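Below are the chains, spelled out letter by letter.
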Amino acid sequence: MVAAIREEAFPELESKGAASVHWISLGELSKLIDTFKAAGVTRAVMAGQVKHKQIFSAIKPDWRLAKLLLSLGTRNTDSLLGAVAKVLADEGIMLENSTALLEPLLAKAGVLTKRAPSENERRNIEYGRAVAGRLADYDIGQTVVIAEAACVAVEAMEGTDATIERAGEMMRSLQPEGEASTLSRALTVVKIAKPKQDMRFDVPVVGVKTIETMARAGASCLSLDAGRCLLLDVSEIIDAADRAGIAVSSQ
């Protein structure tokens, strides 16, 4: 069975072959538990994404979710989803690793595209991984955008693609079109897992849209965490990157 989040899941989900689809609002934690119990569910896997900014949306939490939210000292992704996972476990429903059935989609170590990162891009990657590694401890900054070993943008609630777009807009605003710069404005995107990544939820994901966003923003290189980042439609991602001249590597 599938429990689909009404505010996030695509309506086409019902036509994809699931035995049963139950539509549940983000605020309906009790309904989610009751639905699982009625179906005899004892193990569940989280698939897809619930945008962190939804906690500020107009959702109406039921009593169970309201109690959970009030109990949290911080409301970052780890604390929110970790608390939901504990509530489910207390009810006899265990969350499995979200990558348990997706091992082939995890990024392999090494250069994935025809072009390897240049020396300048490798410097950006090294610096970006150092920055992101420190910030990710606070459940922010899993994506950072670097140019000439300077941090241009850091991801918060807006998500990876919006962070890349913001970095591109910033670089375009620095000088009039056509005027030369003493430093390269090509962007390197570094996307990492958290140091203590819980593989049950919020595993970093890259799709074709990310590559398309990078191309529009003027990004020339993407660095990922090997074995801890999902690549959706791997061949399409690599083809899109090769066409755009973007180097993709994992380490």
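Up top is the structure these notes are about.
My aim in this report is to walk through the structure given alongside it, one point at a time.

Procedures and definitions
Residues numbered from 1 in each chain as written. Predicted model: local features only at pLDDT ≥ 70, side-chain atom pairs only at ≥ 80, totals over all residues. Heavy atoms only, no water. Helix = DSSP H or I, 4+ residues; strand = E, 2+ residues; numbered from the N terminus. Rg over C-alpha atoms; globule rule 2.2 N^0.38 Å. Buried < 20%, exposed > 50% of the residue type's maximum accessible area, 1.4 Å probe, protein only. Contact = heavy atoms within 4.5 Å. Areas by Shrake-Rupley, 256 points an atom, 1.4 Å probe, with all protein chains shown as cover. Lys, Arg positive; Asp, Glu negative; His and termini not counted. Charge placed at Lys NZ, Arg CZ, Asp CG, Glu CD. Pairing = 2+ DSSP bridges. Axes fitted to C-alpha atoms, helices over the stretch in contact; angles between N-to-C directions. Parallel < 35°, antiparallel > 145°, perpendicular 65-115°, else oblique. Left-handed = near helix turned anticlockwise from the far one by under 90°. Core = buried A, V, L, I, M, F, W, Y, C linked by side-chain atoms within 4.5 Å. Salt bridge = Lys/Arg side-chain N within 4 Å of Asp/Glu carboxyl O.

A closer look at the overall build of the protein chain
If you tally the helices and strands in the protein chain, you get seven helices and 12 strands. In terms of overall size, the protein chain behaves like a compact globule, its C-alpha atoms giving a radius of gyration of 20 Å where 251 residues would be expected to give roughly 18 Å. Taken along its principal axes, the extent of the C-alpha atoms in the protein chain is 65 × 35 × 30 Å. Across the 251 residues of the protein chain, 41% fall into the buried class. Taking all contacts inside the protein chain whose residues are at least 6 apart in sequence as the whole, residues at least 24 apart take part in 70%. A total accessible area of about 13,500 Å² is found for the protein chain, and carbon and sulfur atoms account for 55% of it. Averaging the positions of the 30 positive and the 33 negative side-chain charges in the protein chain gives two centres separated by 3 Å.

Details of the sheet that holds strand S10 (residues 219-224)
Taken in spatial order, the six strands line up as S5-S12-S10-S8-S6-S7 in an open sheet, and their pairing is mixed. The outermost strands of the open sheet, each flanked by one partner alone, are strand S5 (110-111) and strand S7 (150-154). Both strand S8 (residues 187-191) and S10 contribute to a ladder of five bridges, which runs parallel. Across the sheet, Lys191 pairs through a bridge with Leu224, a residue of S10.

Regarding the packing of helix H2 (residues 63-71) against helix H3 (residues 77-90)
Helix-helix packing is described using two parameters, namely the angle between the two axes and the distance between the axes. Between H2 and H3, the shortest axis-to-axis distance is 10 Å and the interhelical angle comes to 130°. Classified by the angle between their axes, H2 and H3 sit oblique to one another. Like other packed secondary-structure pairs, H2 and H3 cross with a definite hand, here right-handed. Between H2 and H3, the residues in contact are Arg64, Leu68 and Leu69 and Leu80, Ala83, Val84 and Val87, respectively.

A closer look at the nonpolar core
If you look at the biggest cluster of nonpolar residues, it comprises 25 residues, and the most contacted ones within it are Leu187, Ile211, Met214, Leu222 and Leu224. Going through the elements one at a time, strand S6 (143-147), S7, helix H5 (160-174), S8, helix H6 (208-217), S10 and helix H7 (234-244) are the ones with two or more residues in this core. A per-element tally of this core places H7 first, with four residues. Each residue touching Ile211, except ones within four places of it in the same chain, is listed here: Leu222, Ile237, Ala240, Ala241, Ile246 and Val248. Listed in part, the 19 residues of the second largest apolar core include Leu32, Val87, Ile93 and Leu95.

Quick notes on the pattern of salt bridges
One pass over the full model with this rule turns up 12 salt bridges. Among the ionic pairs, Arg64 bridges to Glu91, the shortest N-O distance being 3.3 Å. In this pair, Arg64 is assigned in helix H2 and Glu91 in the loop between H3 and strand S4 (94-95), connecting sequence segments 27 residues apart. Judged by its relative accessible area of 18%, Arg64 falls in the buried class. For Arg115, the salt bridge goes to Glu121, with nearest N and O atoms at 3.0 Å.

Here's the deal with the pairing of S7
Along any regular strand, the residues point their side chains to alternate faces of the sheet. Two elements, S6 and S7, share four bridges in a ladder whose sense is antiparallel. Looking at S7, one finds that Val145 is bridged to Ala153. Between S6 and the antiparallel strand that follows it, S7, lie two residues; Glu148 among them carries a positive phi value of about 50°.

Comments concerning the environment of Arg75
Relative to the assigned elements, Arg75 resides in the loop between H2 and H3. Take Arg75: its relative accessible area is 40%, and that puts it in the partly exposed class. Each C-alpha atom, one on Arg75 and one on Asp139, is 9.9 Å from the other, the two residues being 64 residues apart in sequence. When near neighbours in sequence (up to four residues on either side) are disregarded, Arg75 contacts His52, Ile55, Leu69, Leu70 and Leu80.

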